[in-house]
Amino acid sequence: MENKNFRTWLDDMQLDHPLVIAGPCSAESEEQVLEVAHELKNTDTTVFRAGVWKPRTRPGNFEGNGVKALPWLQKVKEETGLLTAIEIANAQHAKLALEFDIDILWIGARTAVNPFAVQEIAEAIQSTDKIVLVKNPINPDLDLWIGAIERFHKMGVTNLGAIHRGFSSFRKSQYRNIPSWQIPIDLKSKYPTLPIINDPSHICGNREGIFDVSQTALDLKFDGLMIETHCNPDEAWSDAKQQIKPVRLVEIMKDLRIRKPRFEKEESISKLNAFRKEINAKDDQLLETLAERMQIVENIGKAKKERNVAVLQNTRWQEILQNMVEKGEEQGLTKEFIEKIFKAIHQESIAHQEKIING
Ligand code: PEP
Ligand code: MN
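Residues numbered from 1 in each chain as written. Chains lettered and ligands numbered in written order. Predicted model: local features only at pLDDT ≥ 70, side-chain atom pairs only at ≥ 80, totals over all residues. Heavy atoms only, no water.

J.: Would you mind showing me how to read the pairing of strand S8 (residues 224-228) here?
T.: Each regular strand carries side chains that alternate between the two faces of the sheet. Of all five residues that make up S8, five are buried, and the element is covered over most of its length. Summarising the sheet, strand S1 (residues 19-23) and S8 pair through five bridges and their orientation is parallel. Across the sheet, the residue bridging to Val20 is Leu225, located in S8. One ladder, built from two bridges, connects strand S7 (residues 196-198) with S8; its direction is parallel. If you follow Asn198 over to S8, its bridge partner there is Leu225. (Buried < 20%, exposed > 50% of the residue type's maximum accessible area, 1.4 Å probe, protein only. Helix = DSSP H or I, 4+ residues; strand = E, 2+ residues; numbered from the N terminus. Pairing = 2+ DSSP bridges.)

Put into structure tokens, the structure is as follows:
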């Protein structure tokens, strides 16, 4: 599956920051929608998001204004020039979104888990040139996520992207939905040109964590951020705890550090190669050398911090894994075992470098 269109669209905009999709969790009223949109107009925001049909865990909560809200979004476009994005969850939503000329359609996490629902939507919008973004399914299943994206691709939808919004877990954690960064990294390895947007709002479930999650996303070379934004978040009709004010969005965008994609200077490349040789030697000694290995990883982190370079160097990661699986198999260790161990090492290394880079 190749995807270049949404990527080309992003490249053509030549933004000096990641794509920003911002706006309220729900379109509550025409006034609320236009107020937020006008506040976002002169920020880094390119796309205005608002939920029109809201999937709620239990009935009786506000389920969105539905079709009535679609003209409000048309007004947003006319008055502010922002592009518009909504969630669609069935064929009827899909048809209405196209009818009202919404620019970007996203598939929610609760829909992405259901192949029947995804297929129905894909058929309803087949061959559309609108951008379609597929959120990760609520459970941590990369194949299910890929399957949903493939269903659109098969129906001739080629302007595709993914949104990483974290995964629900029975484990107690600081997150509403745990990020499990390795899953979007695996998606990126499989489809290097597919743009991935991070949604820190639904990962955190609170306002406090949004900056750090956004920074991690940029360190991992995500292409954009979807951030829930409301002029009066405390009074929001849904997801009140996680929405931020437009002024806070401006601050976050100002403070985020945007990394260069790779080392540029000759001396830092050779410095990096020296560390990597050492790391490879330690990897050959496997588990016993983990503590030493982590220390070297931290040195690279310092070099990256000095040069403002992204934490994730994906080509390098693929090389390591392949090499270790081959050597492991020679020593009678299964591919599954080696992959499990090295994915865990990789995850831990990122965490250490993140601490150095952002500490
Ligand atoms: C949303 O973006 O408001 C939403 C409902 O998200 P998710 O599908 O990720 O829960
Ligand atoms: Mn929400």
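J.: It is not clear to me how the environment of Leu218 should be interpreted in this structure. Could you clarify?
T.: Take Leu218: it is sitting in helix H10 (residues 210-219). Judged by its relative accessible area of 8%, Leu218 is buried. Considered as a pair, Leu218 and Pro18 are 200 residues apart in the sequence and their alpha carbons are 7.9 Å apart. Apart from the residues lying within four places of it in its own chain, the contact partners of Leu218 are Pro18, Leu256, Arg257, Ile258 and Arg259. (Contact = heavy atoms within 4.5 Å.)

J.: Help me understand the pairing of strand S2 (residues 45-49) in this model?
T.: Of all five residues making up S2, five are buried, and the element is well covered by its neighbours. When S1 meets S2, the two strands line up parallel, connected through three bridges. Residue pairing across strands places Ile21 opposite Val47, the latter belonging to S2. In this fold, the crossover linking S1 to S2 by way of helix H2 (residues 30-41) has right-handed handedness. Where S2 meets strand S3 (residues 83-87), three bridges bridge the pair, whose relative direction is parallel. By the bridge assignment, Val47 is partnered in S3 with Leu83. The parallel pair S2 and S3 is bridged by helix H3 (residues 70-80), and the resulting crossover is right-handed. (Right-handed = clockwise from strand over helix to strand, strands pointing away.)

J.: Just to check I follow, could you spell out the coordination of the manganese ion (ligand 2) for this structure?
T.: Under ideal tetrahedral coordination, the four donors around a metal are separated by 109.5 degrees; under ideal octahedral coordination, the six donors are separated by 90 or 180 degrees. Surrounding the manganese ion (ligand 2) are the protein donor atoms Cys25 (SG), His202 (NE2), Glu228 (OE) and Asp239 (OD), which sit 2.1 to 2.4 Å from the metal. In primary sequence terms, the donor set of the manganese ion (ligand 2) follows C-x176-H-x25-E-x10-D. Residue His202 is located in helix H9 (residues 200-204), and its partner Asp239 is located in the loop between S8 and helix H11 (246-255); the two are separated by 37 residues in the primary sequence. (Donors = N, O, S within 2.8 Å, 3.2 Å for Na, K, Ca; no water.)

J.: Is there a simple way to think about empty space enclosed by the protein in this case?
T.: In this approach, a probe sized like a water molecule rolls over the atoms, and the result shows the empty space that is left. With the rule as written, the count across this model stands at three cavities of 30 Å³ or more. Around the largest cavity sit 17 residues that line it, and Lys304, Ile320, His346, Ser349 and Gln353 are the ones nearest its centre. Breaking the lining of the largest cavity down by element, the ones donating at least two residues are helix H12 (266-284), helix H13 (290-307), helix H14 (314-330) and helix H15 (335-358). Here the lining of the largest cavity takes six residues from H15, the largest share from any one element. Tallied by class, residues from the lining of the largest cavity come to nine nonpolar, four polar and four charged. (1 Å grid on protein atoms, 1.4 Å probe; cavity = no way out; pocket = protein on both sides within 12 Å on 5 of 7 lines; lining within 4 Å. Points joined across faces, edges and corners; volume = space filled by probe spheres on them. Nonpolar A, V, L, I, M, F, W, Y, C, P; charged D, E, K, R; others polar.)

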